[in-house]
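Chain by chain, the residues:
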Amino acid sequence: MLLEAFLSAVISSALSPGLTKIREEVVKKVKNRIRSQSSFGERALKRPISDFSEKDHEEIRNIVVSTMEEYGVSKEIKNTLPVSYSTVLSTKSVHFIRIMNGIDEGTWYILEVIDVTEDIRIGRCHVCEIRMDEDDRTASRHHARLLFENGTYFIEDIWSTNGTKVNGQEIKGKTRLHDKDRIKIGQAMLLFSERERAITVIDRIGKETRYPLDKIKMREDIRIGRCPVNEIPLDKDDRTASRHHARLLFEKSEYFVEDICSAGGTFVNGKKIEEKKKLEEEDEIKMGTTIMQFKCMGL
(Lines give C-alpha, C1' and ligand atoms only; values in the text may rest on other atoms or scores of the structure.)
Protein backbone atom coordinates (compact mmCIF):
# COMPACT_ATOMS: atom_id res chain seq x y z
CA MET A 1 0.00 0.00 0.00
CA LEU A 2 1.34 3.47 -0.91
CA LEU A 3 2.26 5.82 1.92
CA GLU A 4 -0.26 8.41 0.68
CA ALA A 5 -3.23 6.02 1.01
CA PHE A 6 -1.84 4.55 4.23
CA LEU A 7 -1.68 7.97 5.90
CA SER A 8 -5.29 8.73 4.98
CA ALA A 9 -6.45 5.40 6.39
CA VAL A 10 -4.47 5.65 9.64
CA ILE A 11 -5.51 9.25 10.32
CA SER A 12 -9.16 8.42 9.59
CA SER A 13 -9.01 5.50 12.01
CA ALA A 14 -7.30 7.55 14.72
CA LEU A 15 -9.71 10.52 14.66
CA SER A 16 -12.73 10.35 16.93
CA PRO A 17 -16.11 10.53 15.12
CA GLY A 18 -16.60 14.18 16.06
CA LEU A 19 -13.40 15.17 14.27
CA THR A 20 -13.88 13.40 10.94
CA LYS A 21 -14.70 16.67 9.16
CA ILE A 22 -11.10 17.85 9.58
CA ARG A 23 -9.69 14.59 8.19
CA GLU A 24 -8.80 15.95 4.75
CA GLU A 25 -7.26 19.08 6.26
CA VAL A 26 -5.08 17.02 8.61
CA VAL A 27 -4.06 14.61 5.85
CA LYS A 28 -3.16 17.50 3.53
CA LYS A 29 -0.98 19.17 6.16
CA VAL A 30 0.78 15.88 7.00
CA LYS A 31 1.51 15.26 3.30
CA ASN A 32 2.90 18.79 2.86
CA ARG A 33 5.20 18.31 5.85
CA ILE A 34 6.48 14.99 4.51
CA ARG A 35 7.11 16.60 1.12
CA SER A 36 9.12 19.37 2.78
CA GLN A 37 11.43 16.91 4.58
CA SER A 38 14.72 16.56 2.71
CA SER A 39 14.84 12.90 3.74
CA PHE A 40 11.44 12.22 2.11
CA GLY A 41 10.21 14.64 -0.55
CA GLU A 42 7.35 14.36 -3.04
CA ARG A 43 8.23 10.86 -4.21
CA ALA A 44 7.90 9.41 -0.71
CA LEU A 45 4.11 9.63 -0.85
CA LYS A 46 4.07 7.29 -3.85
CA ARG A 47 6.28 4.65 -2.25
CA PRO A 48 4.92 1.49 -0.54
CA ILE A 49 4.97 1.65 3.26
CA SER A 50 7.17 -1.46 3.26
CA ASP A 51 9.97 0.59 1.64
CA PHE A 52 10.54 2.70 4.74
CA SER A 53 12.92 1.88 7.57
CA GLU A 54 11.95 1.81 11.25
CA LYS A 55 13.62 5.23 11.62
CA ASP A 56 11.54 6.60 8.73
CA HIS A 57 8.34 5.31 10.29
CA GLU A 58 9.23 6.91 13.60
CA GLU A 59 9.73 10.26 11.84
CA ILE A 60 6.42 9.88 9.99
CA ARG A 61 4.65 9.06 13.26
CA ASN A 62 6.06 12.21 14.83
CA ILE A 63 4.82 14.33 11.92
CA VAL A 64 1.32 12.82 12.19
CA VAL A 65 1.19 13.22 15.97
CA SER A 66 2.43 16.83 16.04
CA THR A 67 0.00 17.80 13.28
CA MET A 68 -2.98 16.22 15.01
CA GLU A 69 -2.07 17.94 18.27
CA GLU A 70 -2.36 21.29 16.46
CA TYR A 71 -6.01 20.45 15.83
CA GLY A 72 -6.69 19.73 19.47
CA VAL A 73 -6.44 15.97 19.27
CA SER A 74 -5.49 14.56 22.65
CA LYS A 75 -1.83 13.79 23.25
CA GLU A 76 -2.98 10.26 24.08
CA ILE A 77 -2.92 9.71 20.33
CA LYS A 78 0.83 9.21 20.76
CA ASN A 79 0.07 5.98 22.58
CA THR A 80 -2.34 4.65 19.99
CA LEU A 81 -0.88 5.75 16.65
CA PRO A 82 2.36 3.76 16.92
CA VAL A 83 0.21 0.71 17.73
CA SER A 84 -1.69 1.32 14.49
CA TYR A 85 1.55 1.44 12.53
CA SER A 86 3.10 -1.59 14.19
CA THR A 87 -0.10 -3.59 13.68
CA VAL A 88 -0.04 -3.01 9.94
CA LEU A 89 3.70 -3.49 9.58
CA SER A 90 3.77 -6.76 11.51
CA THR A 91 0.57 -8.33 10.17
CA LYS A 92 1.29 -10.82 7.41
CA SER A 93 -2.11 -10.46 5.71
CA VAL A 94 -3.59 -6.96 5.74
CA HIS A 95 -7.24 -6.35 4.87
CA PHE A 96 -8.78 -3.19 3.43
CA ILE A 97 -12.13 -1.67 2.60
CA ARG A 98 -12.00 0.91 -0.19
CA ILE A 99 -14.93 3.16 -1.13
CA MET A 100 -15.22 3.06 -4.91
CA ASN A 101 -17.71 5.88 -5.65
CA GLY A 102 -19.49 8.94 -4.26
CA ILE A 103 -18.07 11.82 -2.23
CA ASP A 104 -15.73 9.49 -0.30
CA GLU A 105 -14.40 7.74 -3.41
CA GLY A 106 -10.84 6.53 -2.89
CA THR A 107 -11.03 6.45 0.92
CA TRP A 108 -9.20 3.45 2.40
CA TYR A 109 -9.93 1.75 5.71
CA ILE A 110 -7.26 -0.63 7.04
CA LEU A 111 -9.32 -3.10 9.05
CA GLU A 112 -6.40 -4.15 11.26
CA VAL A 113 -5.92 -0.61 12.61
CA ILE A 114 -9.56 0.09 13.44
CA ASP A 115 -9.80 -0.20 17.21
CA VAL A 116 -12.89 -2.27 17.95
CA THR A 117 -13.95 -4.80 20.56
CA GLU A 118 -16.14 -7.19 18.57
CA ASP A 119 -17.06 -5.75 15.18
CA ILE A 120 -16.54 -2.93 12.66
CA ARG A 121 -19.78 -1.05 12.01
CA ILE A 122 -20.74 0.44 8.64
CA GLY A 123 -23.42 3.11 8.25
CA ARG A 124 -24.36 6.81 8.16
CA CYS A 125 -24.19 7.29 11.94
CA HIS A 126 -21.12 9.18 13.16
CA VAL A 127 -20.25 6.39 15.61
CA CYS A 128 -19.70 3.85 12.80
CA GLU A 129 -16.07 2.96 12.14
CA ILE A 130 -16.70 2.96 8.36
CA ARG A 131 -18.93 5.92 7.63
CA MET A 132 -21.24 6.22 4.64
CA ASP A 133 -22.35 9.52 3.05
CA GLU A 134 -24.74 11.09 5.57
CA ASP A 135 -26.89 12.39 2.70
CA ASP A 136 -27.41 8.92 1.21
CA ARG A 137 -30.79 7.97 2.67
CA THR A 138 -30.70 4.56 0.96
CA ALA A 139 -28.04 3.61 3.52
CA SER A 140 -29.16 3.04 7.10
CA ARG A 141 -27.61 4.76 10.11
CA HIS A 142 -26.44 1.36 11.31
CA HIS A 143 -26.39 -0.69 8.12
CA ALA A 144 -23.96 -3.62 8.43
CA ARG A 145 -20.99 -4.88 10.39
CA LEU A 146 -17.72 -6.71 9.76
CA LEU A 147 -16.70 -9.58 12.02
CA PHE A 148 -13.25 -11.18 12.30
CA GLU A 149 -13.32 -14.85 13.23
CA ASN A 150 -10.49 -17.39 13.00
CA GLY A 151 -8.45 -15.26 10.60
CA THR A 152 -11.38 -14.51 8.27
CA TYR A 153 -13.60 -11.46 7.78
CA PHE A 154 -17.39 -11.79 7.54
CA ILE A 155 -20.06 -9.19 6.78
CA GLU A 156 -23.53 -9.16 8.29
CA ASP A 157 -26.50 -6.91 7.56
CA ILE A 158 -27.98 -5.43 10.75
CA TRP A 159 -31.63 -4.93 9.85
CA SER A 160 -30.95 -2.19 7.30
CA THR A 161 -33.85 -0.79 5.28
CA ASN A 162 -32.48 -1.70 1.84
CA GLY A 163 -30.24 -4.64 2.61
CA THR A 164 -26.56 -5.40 1.88
CA LYS A 165 -25.29 -7.00 -1.33
CA VAL A 166 -22.01 -8.83 -1.98
CA ASN A 167 -21.12 -9.23 -5.66
CA GLY A 168 -24.68 -8.33 -6.62
CA GLN A 169 -26.39 -10.84 -4.32
CA GLU A 170 -28.31 -9.73 -1.23
CA ILE A 171 -26.85 -11.47 1.80
CA LYS A 172 -28.85 -13.45 4.31
CA GLY A 173 -27.03 -13.75 7.59
CA LYS A 174 -23.28 -13.68 8.18
CA THR A 175 -21.36 -13.95 4.89
CA ARG A 176 -17.65 -14.68 4.41
CA LEU A 177 -15.64 -12.09 2.47
CA HIS A 178 -13.00 -12.96 -0.12
CA ASP A 179 -10.37 -10.84 -1.83
CA LYS A 180 -11.90 -8.36 -4.33
CA ASP A 181 -15.49 -8.89 -3.15
CA ARG A 182 -17.70 -5.88 -3.92
CA ILE A 183 -20.11 -4.75 -1.20
CA LYS A 184 -23.14 -2.57 -2.00
CA ILE A 185 -24.47 -0.43 0.84
CA GLY A 186 -26.98 2.21 -0.19
CA GLN A 187 -25.48 3.99 -3.20
CA ALA A 188 -21.92 3.18 -2.15
CA MET A 189 -19.79 0.40 -3.61
CA LEU A 190 -17.07 -0.90 -1.30
CA LEU A 191 -14.17 -3.15 -2.32
CA PHE A 192 -12.81 -5.71 0.14
CA SER A 193 -9.13 -6.42 -0.49
CA GLU A 194 -6.41 -8.55 1.04
CA ARG A 195 -2.67 -8.15 0.58
CA GLU A 196 -0.97 -11.50 0.53
CA ARG A 197 2.59 -12.56 -0.27
CA ALA A 198 3.03 -15.63 -2.47
CA ILE A 199 5.74 -17.65 -4.19
CA THR A 200 4.87 -19.10 -7.61
CA VAL A 201 7.02 -22.12 -8.44
CA ILE A 202 7.61 -22.92 -12.13
CA ASP A 203 9.15 -26.35 -12.59
CA ARG A 204 11.23 -27.58 -15.53
CA ILE A 205 8.16 -28.68 -17.54
CA GLY A 206 6.47 -25.30 -17.06
CA LYS A 207 3.92 -26.30 -14.41
CA GLU A 208 3.09 -23.42 -12.02
CA THR A 209 2.24 -23.93 -8.34
CA ARG A 210 1.35 -21.00 -6.09
CA TYR A 211 2.22 -21.04 -2.38
CA PRO A 212 0.53 -18.30 -0.27
CA LEU A 213 3.31 -17.57 2.21
CA ASP A 214 1.11 -15.88 4.81
CA LYS A 215 -1.00 -19.02 5.14
CA ILE A 216 1.79 -21.62 5.30
CA LYS A 217 2.07 -22.99 8.82
CA MET A 218 5.59 -22.49 10.16
CA ARG A 219 7.57 -21.96 13.33
CA GLU A 220 10.42 -19.66 12.31
CA ASP A 221 10.93 -20.13 8.60
CA ILE A 222 9.61 -21.66 5.37
CA ARG A 223 11.90 -24.38 4.03
CA ILE A 224 12.53 -25.00 0.33
CA GLY A 225 14.18 -28.13 -1.12
CA ARG A 226 13.81 -31.60 -2.65
CA CYS A 227 12.99 -33.25 0.68
CA PRO A 228 9.20 -33.77 1.01
CA VAL A 229 9.16 -32.30 4.53
CA ASN A 230 9.86 -28.83 3.08
CA GLU A 231 6.94 -26.38 3.01
CA ILE A 232 7.83 -25.54 -0.62
CA PRO A 233 9.04 -28.78 -2.25
CA LEU A 234 11.26 -28.77 -5.32
CA ASP A 235 11.33 -31.44 -8.04
CA LYS A 236 12.62 -34.58 -6.31
CA ASP A 237 14.39 -35.67 -9.51
CA ASP A 238 16.32 -32.40 -9.90
CA ARG A 239 19.77 -33.28 -8.56
CA THR A 240 20.98 -29.71 -9.10
CA ALA A 241 18.77 -28.74 -6.16
CA SER A 242 19.62 -29.77 -2.60
CA ARG A 243 17.32 -31.69 -0.27
CA HIS A 244 17.33 -28.67 2.06
CA HIS A 245 18.23 -25.84 -0.29
CA ALA A 246 17.06 -22.51 1.15
CA ARG A 247 14.60 -20.91 3.52
CA LEU A 248 12.29 -17.89 3.68
CA LEU A 249 12.30 -15.73 6.79
CA PHE A 250 9.62 -13.24 7.90
CA GLU A 251 11.12 -10.27 9.78
CA LYS A 252 9.57 -6.85 10.48
CA SER A 253 6.82 -7.36 7.89
CA GLU A 254 9.26 -8.37 5.11
CA TYR A 255 10.23 -11.69 3.55
CA PHE A 256 13.88 -12.67 3.06
CA VAL A 257 15.45 -15.64 1.27
CA GLU A 258 18.57 -17.34 2.61
CA ASP A 259 20.60 -20.18 1.10
CA ILE A 260 21.30 -22.98 3.59
CA CYS A 261 24.57 -24.42 2.32
CA SER A 262 23.10 -25.80 -0.90
CA ALA A 263 25.35 -27.44 -3.48
CA GLY A 264 24.34 -25.22 -6.41
CA GLY A 265 23.49 -21.97 -4.65
CA THR A 266 20.42 -19.72 -4.70
CA PHE A 267 20.02 -16.93 -7.25
CA VAL A 268 17.82 -13.82 -7.09
CA ASN A 269 17.35 -11.99 -10.40
CA GLY A 270 20.29 -13.90 -11.85
CA LYS A 271 22.75 -13.11 -9.04
CA LYS A 272 23.94 -15.68 -6.54
CA ILE A 273 23.17 -14.60 -2.98
CA GLU A 274 25.85 -14.89 -0.33
CA GLU A 275 23.69 -13.85 2.62
CA LYS A 276 20.08 -13.26 3.58
CA LYS A 277 18.35 -11.12 0.93
CA LYS A 278 15.13 -9.12 1.18
CA LEU A 279 12.55 -10.06 -1.46
CA GLU A 280 10.94 -7.37 -3.60
CA GLU A 281 7.84 -7.47 -5.80
CA GLU A 282 8.31 -9.82 -8.80
CA ASP A 283 11.81 -10.93 -7.78
CA GLU A 284 12.85 -14.09 -9.65
CA ILE A 285 14.41 -16.82 -7.51
CA LYS A 286 16.30 -19.79 -9.00
CA MET A 287 17.15 -23.03 -7.20
CA GLY A 288 18.44 -25.86 -9.34
CA THR A 289 16.30 -25.87 -12.51
CA THR A 290 13.31 -24.37 -10.70
CA ILE A 291 12.31 -20.74 -11.21
CA MET A 292 10.14 -18.96 -8.62
CA GLN A 293 8.55 -15.52 -8.52
CA PHE A 294 7.72 -13.52 -5.39
CA LYS A 295 4.57 -11.38 -5.59
CA CYS A 296 2.36 -9.31 -3.31
CA MET A 297 -1.21 -10.11 -4.29
CA GLY A 298 -4.49 -8.35 -3.71
CA LEU A 299 -3.87 -4.58 -3.97
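Residues numbered from 1 in each chain as written. Predicted model: local features only at pLDDT ≥ 70, side-chain atom pairs only at ≥ 80, totals over all residues. Heavy atoms only, no water.

### Overview of the overall build of the protein
Using the following cut-off: Secondary structure elements are defined from DSSP: runs of H or I of at least 4 residues count as helices, runs of E of at least 2 residues count as strands, and each element is numbered from the N terminus. Relative accessibility thresholds used throughout: buried, under 20% of the residue-type maximum; exposed, over 50%; partly exposed, between the two (1.4 Å probe, protein chains only). Note on definitions: a residue-residue contact is assigned when non-hydrogen atoms from the two residues lie within 4.5 Å. What sets the accessible areas is the Shrake-Rupley method with a 1.4 Å probe; for residues, cover comes only from the shown protein chains.
For the protein, the count of helices and strands is 4 helices and 21 strands. Here the protein holds 299 residues, and 48% of them are scored as buried. Long-range contacts, defined as pairs at least 24 residues apart, comprise 45% of the intrachain contacts of the protein with a sequence gap of at least 6. In the structure as shown, the protein presents an accessible area of about 15,700 Å², 47% of it carried by carbon and sulfur atoms.

### What to know about the packing of aromatic side chains
Remark: the centre distance and the inter-plane angle together describe each pair of aromatic rings, the angle taken between the planes. Stated precisely, the cut-off is as follows: Aromatic pairs are defined between Phe, Tyr and Trp rings, using the six-membered ring for Trp, whenever the two ring centres lie within 6.5 Å; interplanar angles under 30 degrees are classed as stacked, those over 60 as edge-to-face, and all others as tilted. Note on criteria: charge over ring means Lys NZ or Arg CZ within 6 Å of the ring centre, with the direction from the centre no more than 35 degrees off the ring normal.
A full pass over the atoms with the stated rule returns 4 aromatic pairs. Linked through ring pairs, Phe148, Tyr153 and Phe192 together constitute an aromatic cluster. The positively charged end of lysine 174 is found above the aromatic ring belonging to phenylalanine 154, 5.2 Å away from the centroid. A cation over a ring is seen here: lysine 276 above phenylalanine 256, with NZ or CZ 5.2 Å from the ring centre.

### Things to note about the sheet that holds strand S9 (residues 175-176)
Here is the rule we go by: Two strands pair if DSSP finds at least two bridges between them.
Overall, mixed pairing links the 5 strands, which are arranged S4-S3-S5-S6-S9 in an open sheet. Every other strand in the sheet has two partners, leaving strand S4 (130-131) and S9 as the edge strands with one partner each. Pairing between strand S3 (residues 119-123) and S4: 2 bridges, direction parallel. What sits directly across from isoleucine 122, in S4, is isoleucine 130.

### Describing the confidence of the model for the protein
Defined as follows: The predictor attaches a confidence to each residue, and that confidence, scored 0 to 100, is pLDDT.
Scored by pLDDT, the protein comes out at a mean of 81, with 79% of its residues at no less than 70. When mean pLDDT is taken per element in the protein, strand S7 (residues 164-166) scores highest with 97 and helix H4 (residues 77-90) scores lowest with 49. The model gives residues 86-92 a pLDDT under 50, and that stretch makes 20 contacts with residues more than four places away or in other chains.

### A closer look at the pattern of salt bridges
For clarity, the threshold we go by: Between Lys or Arg on one side and Asp or Glu on the other, a salt bridge is scored when a side-chain nitrogen of the former is within 4 Å of a carboxyl oxygen of the latter.
In this structure the tally under the stated criterion is 12 salt bridges. For the salt bridge of lysine 174 with glutamate 149, the shortest nitrogen-to-oxygen distance reads 2.9 Å. Pair noted here: lysine 174 is in the loop between strand S8 (169-170) and S9 and glutamate 149 is in strand S5 (residues 144-149), with a separation of 25 residues, a long-range link. Here lysine 174 falls in the partly exposed class, since its relative accessible area comes to 42%. By relative accessible area, glutamate 149 is classed as partly exposed at 31%. We note a salt bridge from aspartate 221 to arginine 247, for which the minimum N-O separation is 3.1 Å. Residue aspartate 221 is found in strand S13 (residues 221-225), and its partner arginine 247 is found in strand S15 (residues 246-251); the two are separated by 26 residues along the sequence. If you follow the salt bridges from partner to partner, you end up with Asp221, Arg223, Arg247 and Glu258 in one network.

### Some words on the environment of glutamate 251
With respect to the helices and strands, glutamate 251 occurs in strand S15. With a relative accessible area of 33%, glutamate 251 lands in the partly exposed category. Each C-alpha atom of the pair glutamate 251 and glutamate 220 lies 9.8 Å from the other, and the pair is 31 residues apart in sequence. Excluding residues within four positions of it along the chain, glutamate 251 makes contact with Phe256 and Lys276.

### Observations concerning the sheet that holds strand S16 (residues 254-259)
Reading across from one edge, S14-S13-S15-S16-S19 is the order of the 5 strands in this open sheet, with mixed pairing throughout. Among the strands making up the open sheet, the edge pair consists of strand S14 (232-233) and strand S19 (277-278). Pairing of S16 with S19, which is carried by 2 bridges, proceeds in the antiparallel orientation. Bridging across to S19, phenylalanine 256 finds its partner in lysine 278.

### Topic: the side chain of threonine 266
Just so we agree on the cut-off: For the purposes of these results, a polar contact is taken to be a pair of N or O atoms within 3.5 Å, where, inside protein, one atom must be able to donate a hydrogen and its partner to accept one; residues adjacent in sequence count only when each atom of the pair is a side-chain atom.
Inspection of the secondary structure puts threonine 266 in strand S17 (residues 266-268). A residue is classified by how much of its surface remains accessible, and threonine 266, at 0% relative accessible area, is buried. Within polar-contact distance, the side chain of threonine 266 engages the side chain of histidine 245 at 3.4 Å. A polar contact is formed between the side chain of threonine 266 and the side chain of aspartate 259, at a distance of 2.5 Å. With residues near it in sequence (within four places) discarded, threonine 266 still touches His245, Ala246, Val257, Asp259, Lys271, Lys272, Ile273, Ile285, Lys286 and Met287.

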